[in-house]
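# Chain and residue survey
Read off the chains here:
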Amino acid sequence: IYCGGLEDAVKGVLEGRYKPLDFRFFLGCREWEAGGLDQAVGAGEYRSVACARPIALKQCLGLPKPLWHEVMELCGGESKELSRLEILQREDLESD
């Protein structure tokens, strides 16, 4: 997965090097001081998971639940249960 600028992505599509569906844009970011992310993961605030490219770049429009929930469910175990509990708290999503 490439982290880069919109300008280079647009240029690559216009030049035929890439297809528009080769990209997925994520808005927003969270930044940490040195070691801060490790501390947050250690405290259980964040989870590090491996995710296959086809899942990370999946087109999500019209999916019944956000991509985050799909990834957590695929992880199984505690991650799947955490996703299920989060969905139960939301009024905009249906639980299984």
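Below, the structure is looked at part by part. (Residues numbered from 1 in each chain as written. Predicted model: local features only at pLDDT ≥ 70, side-chain atom pairs only at ≥ 80, totals over all residues. Heavy atoms only, no water.)

To continue, consider a nonpolar patch on the surface. On the surface, a cluster of nonpolar side chains totalling about 440 Å² of accessible area is made up of Leu6, Val10, Leu14 and Phe25. Relative to the assigned elements, Phe25 resides in the loop between α1 (6–14) and α2 (36–42). (Patch = residues over 30% accessible without salt bridge, like charges linked within 9 Å, V, L, I, M, F, W, Y side chains within 5 Å. Areas by Shrake-Rupley, 256 points an atom, 1.4 Å probe, with all protein chains shown as cover. Salt bridge = Lys/Arg side-chain N within 4 Å of Asp/Glu carboxyl O. Helix = DSSP H or I, 4+ residues; strand = E, 2+ residues; numbered from the N terminus.)

Turning next to the packing of helix α4 (residues 67–75) against helix α5 (residues 77–89). Running from N to C, α4 and α5 cross one another at 145°; their axes reach a closest spacing of 6 Å. Along this stretch, α4 crosses α5, giving a crossing that reads as left-handed. Of the residues in α5, those in contact with Trp68, His69, Met72, Glu73 and Cys75 of α4 are Gly77, Ser79, Lys80, Leu82, Ser83, Glu86 and Ile87. Of the residues that constitute the contact of α4 with α5, the class distribution is five nonpolar, four polar and three charged. (Axes fitted to C-alpha atoms, helices over the stretch in contact; angles between N-to-C directions. Left-handed = near helix turned anticlockwise from the far one by under 90°. Contact = heavy atoms within 4.5 Å. Nonpolar A, V, L, I, M, F, W, Y, C, P; charged D, E, K, R; others polar.)

Glancing now at α4. Listed in full, the buried residues belonging to α4 are Leu67, His69, Val71 and Met72. For α4, the elements touching its buried residues are α3 (53–56) and α5. (Buried < 20%, exposed > 50% of the residue type's maximum accessible area, 1.4 Å probe, protein only.)

Inspection of every chain in the model, using the stated rule, returns one aromatic pair. Each ring, one from Trp32 and one from Tyr46, has its centre 5.3 Å from the other, and the planes form 85°; the classification is edge-to-face. One end of the pair, Trp32, is in the loop between α1 and α2; the other, Tyr46, is in the loop between α2 and α3, with 14 residues separating them in the sequence. Accessibility expressed as a relative area gives 30% for Trp32, which makes it partly exposed. Its relative accessible area of 35% is what places Tyr46 among the partly exposed residues. (Phe/Tyr/Trp six-rings, centres within 6.5 Å; stacked < 30°, edge-to-face > 60°.)

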